[in-house]
Each structure stands twice: as structure tokens, then as C-alpha cells.
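# Examination of the molecular architecture
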Amino acid sequence: MYEAQKRWREKNIEKVRLINLNYREKNREKIREIGKRYRDKNREKLLAYKKTYRKKNAEKIREGKRRWLLNKIHSDPEYALRYYLRLEELKLKYGKKSKRRFPIPPSVRLQVFKRDKFTCRYCGNKAPNVAIVIDHIIPVSKDGENNLDNLITACEYCNSGKGDKYL
Ligand SMILES: [Zn+2]
């Protein structure tokens with residue numbers, strides 16, 4: 001009986017696929033309910049499994065995340081903008097330059113990025129091809145201010161090489 005069933009299914013793969021699809025379409029709620037019940041019941045086990053999986057595939061997961069991010073940044077300008085603003089924020093908060101006493105307000109940063117069309121004013125490279133940051137023309141350490149005239153968009157590369165020098 002079982003063998004016959006198997007053979008029939010192998011012969012009618014397309015039909016089986018359609019029936020399966022149809023069933024799933026019709027019983028979406030029910031299937032979701034069953035899945036939820038299973039997950040609730042096996043929470044501990046699933047968590048443990050997830051943990052081992054993550055540990056075993058850390059490199060793969062990191063690579064996947066990186067690829068997702070790159071793809072997202074290239075396809076969604078709004079997301080790219082938010083991402084770079086967030087990077088800037090984190091850099092101000094935790095980076096080496098965190099001694100800046102007066103952080104640039106996000107609205108000002110956005111204005112600078114927009115004015116410069118998300119392009120590094122030193123080398124002309126553009127986000128999202130490069131990571132962009134806000135640069136002080138006259139450094140804070142030399143009393144440069146956080147106003148639009150003293151701020152320009154720079155890529156990370158140009159920004160890192162410039163140090164505290166005047167242009
Ligand atoms: Zn540059």
C-alpha cells in the first residue's frame with residue numbers, strides 16, 4: 001500500500017504540489033495555530049537548538065547579515081540615510097572622538113548630508129558606495145562650530161586621514 005502511494009506521488013509530483021498548496025491556502029489559520037502550539041510546547045528545546053545553530057554558524061550568519069545590509073543600503077535610500085545617521089550617532093557616543101562636547105544635532109547632520117547630496121566633498125565618492133560622516137572644516141579642537149558653514153560631508157576614508165589639520 002505504502003509503496004503504491006509513493007509511486008503514485010512520484011508520478012504526479014505537480015498534482016501533489018498543487019494539492020498541498022491548495023490545502024495550505026485553505027487552512028492557513030489552522031496551520032499557524034498548530035505551529036504556534038508546537039513552538040509553545042517546545043520552547044526550551046527550540047531555544048537550545050537556536051543557540052547551538054547560531055554558535056556553529058556564527059561566520060555564516062555574520063556574512064548573511066552583512067550581505068543583507070549591503071543590499072538594503074543599495075536598494076533603499078531612506079534606509080541608507082537612517083543607517084548612516086545612526087552610525088554617526090554611535091560614533092559620537094562611543095567613538096574616539098567622543099570628547100566632542102557639543103554633538104551635532106541630527107537635523108543639522110541631515111541638512112549637511114542633503115546639501116552635499118550624500119557625496120564626500122573631498123573625493124567625490126557617494127553613499128552608499130562609501131560610508132559617509134560629517135566633518136568639521138575647522139576642527140572642534142580649534143574652536144570650530146557645529147553650524148552649517150563649518151560642516152561638510154566626508155567619506156570615512158578621507159575623514160580618517162585628515163586629522164586635526166585645516167583644509
Ligand atoms: Zn572621500
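Scoring rules and cut-offs
- Residues numbered from 1 in each chain as written.
- Predicted model: local features only at pLDDT ≥ 70, side-chain atom pairs only at ≥ 80, totals over all residues.
- Helix = DSSP H or I, 4+ residues; strand = E, 2+ residues; numbered from the N terminus.
- Rg over C-alpha atoms; globule rule 2.2 N^0.38 Å.
- Buried ≥ 20, exposed ≤ 12 C-beta atoms within 10 Å, placed from the backbone.
- Contact = placed C-beta atoms within 7 Å.
- pLDDT = per-residue confidence, 0-100.
- Pairing = 2+ DSSP bridges.

Counting its regular elements, the protein chain contains 8 helices and 2 strands. Start at the N end of the protein chain and walk to the C end: the helices and strands fall as α-α-α-α-α-α-α-β-β-α. Computed over C-alpha atoms, the radius of gyration of the protein chain comes to 27 Å, more than 25% over the 15 Å expected from 2.2 N^0.38 for 167 residues, which places it beyond the range of a compact globule. Along the three orthogonal principal directions, the C-alpha set of the protein chain runs to about 85 × 35 × 30 Å. Expressed as a percentage of its 167 residues, the buried residues of the protein chain come to 11%. A sequence separation of at least 24 residues applies to 56% of the contacts in the protein chain between residues at least 6 apart.

The omega torsion of the bond from Ala127 to Pro128 falls at 5°, within 30 degrees of zero and hence cis. With respect to the helices and strands, the residue Pro128 is situated in the loop between helix 7 (106–115) and strand 1 (132–136). Residues other than glycine seldom take positive phi values, yet Phe118 does so here, at roughly 55°. Here Phe118 shows up in the loop between helix 7 and strand 1. Here Phe118 falls in the buried class, since 20 other C-beta atoms lie within 10 Å of it.

Attention now goes to the environment of Leu85. By the element assignment, Leu85 lies in helix 6 (residues 77–94). Looking at Leu85, the number of C-beta atoms within 10 Å reads 16, which means it is partly exposed. Taking C-alpha positions, Leu85 is 15 Å from Lys72, a pair spaced 13 residues apart along the chain. Not counting chain neighbours up to four residues away, the residues in contact with Leu85 comprise Pro106, Arg109 and Leu110.

Our next topic: the confidence of the model for the protein chain. Chain-level pLDDT for the protein chain is 85 on average; 91% of the residues reach the 70-or-more range. In the predicted structure, residues 163–167 sits below a pLDDT of 50 and forms 4 contacts with residues beyond four places in sequence or in another chain.

Let us now look at the pairing of strand 1. Of all 5 residues in strand 1, 5 are buried; the element is thus mostly enclosed. Side chains of strand 1 alternate between two faces, with Ile132, Ile134 and His136 and Val133 and Asp135 buried alike. In the sheet, strand 1 pairs with strand 2 (residues 151–155) via 5 bridges, with the strands oriented antiparallel. Paired with Ile134 across the two strands is Thr153, which belongs to strand 2.

A separate point is the environment of Leu69. Its location among the elements puts Leu69 in helix 5 (residues 58–75). As a C-alpha pair, Leu69 and Ala80 span 11 residues in sequence and 9.1 Å in three-dimensional space.

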